[in-house]
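As a plain string of letters, each chain reads:
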Amino acid sequence: HVRITTAGALIVEHKRWRGTIFDGIRPSAASASYKNLIDDSRLDPPFAVQIAPRSGPLRGGEEEAGGLAVRTHLGPKSPRKQVRAQAVHLSKHLDEQLGGAPWIDTCVFYSSSDATIFTETRTGTGPEDQTAVVAGEREFLDLLALRERTKRERLDRDLVERTAALLHTGGAKIDSFGAFSHGPAALLASQIDPP
């Protein structure tokens, strides 16, 4: 999803993962009990590890630990790396097509109510290259509200609308919400494919 407002653009990497998830935090650092379950000594950021009840046969990237599936998402397959790569790609595309691109913030949103998330980054964006990681609807809404209040150069309405129009021509479903004086205050582009 891409959310575009006068506060800027935000790409959301939406994950519906269940179980216990470690995004950038070694499981053994979260609790010593995880040290007996998984050897995390070779994990180098960026990474995400998901431990969930196993359902069906093991797939690639999975290990079994006592009836649990341990899925590792390393380097370019980690959600943070995926969303930053999408931001770089979108920024380049907007620059080529519109003659400029706004800074694009990134977020990994773990939405499942059946998930416990361990991460060092929550509901804040911090340095410009840091991706926010949020779990659940409340944290996601808090992040959106924080972004709207952040003091930064605002995008003009024309750029918001031209960006949405460009994403729409690429196949994105556009939903508008809020209101400027004569139109939408924010736009959400969903399910876009790379141009």
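These remarks concern the structure in this document. Because the structure is a prediction, the values reported are computed rather than measured.

**Focus on the packing of helix H2 (residues 79-98) against helix H4 (residues 157-169)**
- With their axes 11 Å apart at the nearest point, H2 and H4 run at an angle of 105 degrees to one another. In terms of their interaxial angle, H2 and H4 are classed as roughly perpendicular. Contact residues: H2 offers Leu90, His93, Leu94, Gln97 and Leu98, while H4 offers Leu159, Arg162, Thr163, Leu166 and Leu167.
- Considering only residue class, the contact of H2 with H4 consists of six nonpolar, three polar and one charged.

**Some points on the nonpolar core**
- Grouped together as the largest cluster of nonpolar side chains are 26 residues, with contacts concentrated most on Val2, Ile11, Leu90, Ile104, Tyr110 and Leu167.
- Those elements that place two or more of their residues in this core are strand S1 (2-5), strand S2 (8-15), H2, strand S7 (104-110), strand S8 (115-119), strand S9 (132-135) and H4.
- By residue number, the principal contributor to this core is H2, which donates five residues.
- Setting aside residues up to four positions removed in sequence, Ile104 forms contacts with Ala9, Ile11, Arg84, Ala87, Leu90, Ser91 and Leu94.
- Counting nine residues, the second largest nonpolar core, distinct from the first, contains Val12, Cys107, Val134 and Leu144.

Calculation criteria
- Residues numbered from 1 in each chain as written.
- Predicted model: local features only at pLDDT ≥ 70, side-chain atom pairs only at ≥ 80, totals over all residues.
- Heavy atoms only, no water.
- Axes fitted to C-alpha atoms, helices over the stretch in contact; angles between N-to-C directions.
- Helix = DSSP H or I, 4+ residues; strand = E, 2+ residues; numbered from the N terminus.
- Parallel < 35°, antiparallel > 145°, perpendicular 65-115°, else oblique.
- Contact = heavy atoms within 4.5 Å.
- Nonpolar A, V, L, I, M, F, W, Y, C, P; charged D, E, K, R; others polar.
- Core = buried A, V, L, I, M, F, W, Y, C linked by side-chain atoms within 4.5 Å.
- Buried < 20%, exposed > 50% of the residue type's maximum accessible area, 1.4 Å probe, protein only.

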